[in-house]
Amino acid sequence: MLLVSYSFAAFCLALFAVYYLFPGRFQWIVLLVFSCLFYVYGGVRGIAYPLVTTGSAWLLAGQIGRQTKEAGRYMKEQGFDRIQKKAYTKQVKKKQRRLMIVGLVLNFGILAAVKYTSFFMTLGISYYTFQAMGYLIDVYRRKYEPERNPAKLALFVVFFLQLTAGPIGRFDHMREELFREHHFSLAGFRLGAERVLWGYFKKLVIADRIGPAAAVITGSPELYGGFFAFVGMLFHVIELYADFSGCIDIVLGLSQMLGITLPENFERPFFSKNLSEFWRRWHMSLMQWFREYIFFPVSTSRLSQRFAKAVGRVWGRKAGSRAPVWLASLVVWFVTGIWHGASWRFVTWGLANCAVILASQELSGVYRAFHDRFAFSNRLQYRYFEILRTCLVFGLLQMLLYASVSDIFAMFLGMAAGEGLSELCSGGLLTLGLNGADYGIFLLGIFLVFFAEILGRGGSVRERLEGGPKWLCYLLFFSLFLLAITTGVYGHGYDASQFIYNQF
């Protein structure tokens, strides 16, 4: 079921009606039923994979939890001292680790098998897999006890709004949101609807309008060099952000209409001063998952310790102390690349991001000395320069996803020589499948999003408007609704709803 479709709108309206008619203690059951219907809509196998993930996570986490309780009871009965407790706990953790590994291998194995087939395009399997495996790891780490009710765990795994593009939730947070009673709030419902409208505006007015022009250039990078390559990079980045953040706005807004608060996934990434900060603000829930469940375990592992000693013997103690960070970062960005796609192009993209971030970290002392030496680097204008630099670096790295390294160098050598500039100035943009009105609407949409993000630095724009005159709030969002309706991209055969990050 597509997020931009009449069927999805009807599905959500039916859900809202049933959800708020049922007593609060049964609302989570309504969510579970509708989530299963959402999966089944795509075919029987649409629910088969989540059920396997849910069943394996529930059984394995339950067994881990039972072993923990039995071990505690046994040590108390035997009167173990501290040393004996430590030794026995180590034995128990070894058994539990095997169970956790079984769950990880099974579910990530399913993910790997499914992700690179045609079915991969219609089901965002990686999001609920990461969420369920995070739960299993947390139970193994004894952060909380396993959920006894398999139906409740199933809702955590299959909650339909998180299927398309996340965000990836943590069980301890989601348990509070999904299973408590939610009373209808007109203010909360309206705020959620406003965010949904904002998401559709980004998707229909910006992403889907500029998408065809971006596809012309990125689909044939060998034909478009010089300034056309720069325009293609710019269009691609804008389309990606408007599409992905728009999808997240829709998901978070619909959740808010249900009284459920999901974690944020974006925090104005294009206002970042370096690439590391950018990735902390972009798809935040996924990057946090990678940091907690891959980066920290790898950086503190025995393998990292051995690697650090080997590096220290060759390059010195300082390099040895940084080696675990290097190794963990390489693993995280290799996995990030593979997650985006099974080809060396994606791996190259991931490792290139890693190289830039590590280089920036290793040169932090040089940056500090530069800022201390030159006063202008502390001015607001330099902050703007850092933001523009970060956006350019991100865009250049994104080009690795659709062009080879040699093509990229050729493109920018051509740009330095002025290639394509005269064609662009003489109407070259009109050869990309869009007309002047399309570009005008696109620029208006970009202006509104940029203006809203500037205002958003002081807090939620919607909540601030809510505290002002009601007529102004209604006027602004009615105007936004009219803009989305009259300027959004529609038409026969229009595939509006394959959000870019659906495929991941």
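Values in this document were obtained by computation on a predicted structure and should not be read as measured data. (Residues numbered from 1 in each chain as written. Predicted model: local features only at pLDDT ≥ 70, side-chain atom pairs only at ≥ 80, totals over all residues. Heavy atoms only, no water.)

### Re the overall build of the protein
Secondary structure summary: the protein contains 21 helices and 0 strands in total. Over its C-alpha atoms the protein spans a radius of gyration of 25 Å, differing by no more than 12% from the 23 Å that the globule rule assigns to 504 residues. Expressed along its principal axes, the backbone C-alpha trace of the protein runs to roughly 85 × 70 × 45 Å. Taking all 504 residues of the protein together, 50% fall into the buried category. Contacts in the protein between residues far apart in sequence, at least 24 positions, make up 76% of those at least 6 positions apart. Of the roughly 24800 Å² of accessible surface on the protein, 66% is carried by carbon and sulfur atoms. Distance between charge centroids for the protein: 12 Å, based on 51 positive and 31 negative side chains. (Helix = DSSP H or I, 4+ residues; strand = E, 2+ residues; numbered from the N terminus. Rg over C-alpha atoms; globule rule 2.2 N^0.38 Å. Buried < 20%, exposed > 50% of the residue type's maximum accessible area, 1.4 Å probe, protein only. Contact = heavy atoms within 4.5 Å. Areas by Shrake-Rupley, 256 points an atom, 1.4 Å probe, with all protein chains shown as cover. Lys, Arg positive; Asp, Glu negative; His and termini not counted. Charge placed at Lys NZ, Arg CZ, Asp CG, Glu CD.)

### A closer look at the pattern of salt bridges
Overall, the coordinates contain 15 salt bridges when judged by the stated rule. In this structure, the salt-bridge partner of Glu-145 is Lys-69, at a minimum N-O distance of 3.8 Å. With a gap of 76 residues between them, Glu-145 in the loop between helix H5 (125–140) and helix H6 (150–158) and Lys-69 in helix H3 (residues 45–78) connect regions that are remote in the sequence. In this structure, Glu-292 engages Arg-141 in a salt bridge whose closest nitrogen and oxygen atoms are separated by 3.8 Å. (Salt bridge = Lys/Arg side-chain N within 4 Å of Asp/Glu carboxyl O.)

### Concerning the state of the cysteines
In a disulfide, the sulfur atoms of two cysteines are held together by a covalent bond. The tally for this structure, following the rule as stated, stands at 0 disulfides. The thiol of Cys-247 is unpaired, and the distance to the nearest cysteine sulfur, on Cys-12, comes to 12 Å. Residue class for Cys-247 comes out buried when judged on its relative accessible area of 1%. (Disulfide = S-S within 2.5 Å.)

### Describing a positive patch on the surface
A cluster of like positive charges, contributed by Arg-82, Lys-86, Lys-90, Lys-94, Lys-95, Arg-97, Arg-98, Arg-302 and Arg-306, occupies part of the molecular surface. Of all the secondary structure elements, the ones that give two or more residues to the positive patch are helix H4 (82–115) and helix H12 (302–315). Element by element, the count of residues in the positive patch is highest for H4, at 7 residues. Looking at where Arg-82 falls in the secondary structure, it is placed in helix H4. Under the relative-accessibility criterion, Arg-82 is labelled exposed at 68%. (Patch = residues over 30% accessible without salt bridge, like charges linked within 9 Å, V, L, I, M, F, W, Y side chains within 5 Å.)

### Brief notes about the packing of helix H14 (residues 344–362) against helix H16 (residues 380–398)
Where H14 meets H16, the closest approach of the two axes is 9 Å, and the angle between their N-to-C directions is 155°. In terms of orientation, H14 and H16 fall into the roughly antiparallel class. Like other packed secondary-structure pairs, H14 and H16 cross with a definite hand, here right-handed. For the pair H14 and H16, contact is made by Trp-349, Ala-352, Asn-353 and Val-356 and by Val-393, Leu-397 and Gln-398, respectively. Here the residues of the contact of H14 with H16 are counted per class, giving 5 nonpolar, 2 polar and no charged. (Axes fitted to C-alpha atoms, helices over the stretch in contact; angles between N-to-C directions. Parallel < 35°, antiparallel > 145°, perpendicular 65-115°, else oblique. Left-handed = near helix turned anticlockwise from the far one by under 90°. Nonpolar A, V, L, I, M, F, W, Y, C, P; charged D, E, K, R; others polar.)

### What to know about helix H17 (residues 405–416)
A rise of 1.5 Å per residue sets the reference length of H17, with its 12 residues, at 16 Å; its end C-alpha atoms lie 17 Å apart and thus fit the reference within 8%. Listed as buried for H17 are Ile-408, Met-411, Phe-412, Gly-414 and Met-415. Taken end-on, H17 shows its buried residues confined to a sector of 150°, consistent with a single buried face. With respect to the buried face of H17, the exposed residues turned more than 90 degrees away are Ser-406, Phe-409, Leu-413 and Ala-416. Among the structural elements, helix H9 (226–257) and H16 are those in contact with the buried residues of H17. (Expected span 1.5 Å × (residues − 1). Arc of directions from axis to C-beta.)

### Description of the nonpolar core
Counting 105 residues, the largest nonpolar core has Phe-159, Trp-279 and Trp-282 as the members making the most contacts within it. Element by element, the count of residues in this core is highest for H9, at 13 residues. Ignoring anything within four residues of it in the chain, the contact list for Phe-159 reads Leu-31, Ser-35, Met-174, Leu-178, Ser-255, Ile-260 and Leu-262. One finds Ile-210, Ala-242, Phe-442 and Leu-465 within the second-largest nonpolar core, a separate group that totals 27 residues. (Core = buried A, V, L, I, M, F, W, Y, C linked by side-chain atoms within 4.5 Å.)

### Some details on a nonpolar patch on the surface
A contiguous nonpolar surface patch, about 560 Å² in accessible area, is contributed by Leu-21, Phe-22, Phe-26, Ile-29, Val-33 and Leu-37. When residues in the nonpolar patch are grouped by element, the largest group, 3 residues, is from helix H2 (residues 27–40). Here Ile-29 shows up in helix H2. Classification of Ile-29 as partly exposed rests on a relative accessible area of 35%.

### What about the packing of H2 against H6?
Between H2 and H6, whose axes approach to 9 Å, the crossing angle comes to 50°. With respect to H6, the element H2 is oriented oblique. Like other packed secondary-structure pairs, H2 and H6 cross with a definite hand, here left-handed. Taking contact as the criterion, the partners of Trp-28, Leu-31, Leu-32, Ser-35 and Tyr-39 in H2 are, on H6, Ala-151, Lys-152, Ala-154, Leu-155, Val-157 and Val-158.

### Things to note about H2
With 14 residues, H2 extends 20 Å from end C-alpha to end C-alpha; this agrees with the ideal 20 Å at 1.5 Å per step. Along H2, the residues that are buried comprise Gln-27, Trp-28, Val-30, Leu-31, Leu-32, Phe-34, Ser-35, Phe-38 and Tyr-39.

### Quick word on the packing of aromatic side chains
Aromatic ring pairs: the centre-centre distance and the angle between the two ring planes describe each pair. Throughout the structure, instances matching the rule amount to 59 aromatic pairs. Where Tyr-241 meets Phe-266, the ring centres are 5.7 Å apart and the plane angle is 80°; that geometry is what we call edge-to-face. Here Phe-266 lies in the loop between H9 and helix H10 (275–281) and Tyr-241 lies in helix H9, a separation of 25 residues in the sequence. Each member of the pair, Tyr-241 as well as Phe-266, is classed as buried. Each ring, one from Tyr-382 and one from Phe-385, has its centre 5.3 Å from the other, and the planes form 45°; the classification is tilted. Of this pair, Tyr-382 and Phe-385 both sit in helix H16, separated by 3 residues, roughly a single helical turn. The class for Tyr-382 is buried, based on a relative accessible area of 13%. Ring pairing ties together the aromatic residues Tyr-241, Phe-244, Phe-266, Phe-270, Phe-278, Trp-279, Trp-282, Trp-333, Trp-349 and Phe-394, which thus form one cluster. Lys-152 extends its terminal NZ or CZ atom over the ring of Trp-28, reaching a point 5.6 Å from the ring centre. Stacked on the ring of Phe-374, the Lys or Arg Arg-373 has its end atom at 5.2 Å from the ring centre. (Phe/Tyr/Trp six-rings, centres within 6.5 Å; stacked < 30°, edge-to-face > 60°. Lys NZ or Arg CZ within 6 Å of the ring centre and 35° of its normal.)

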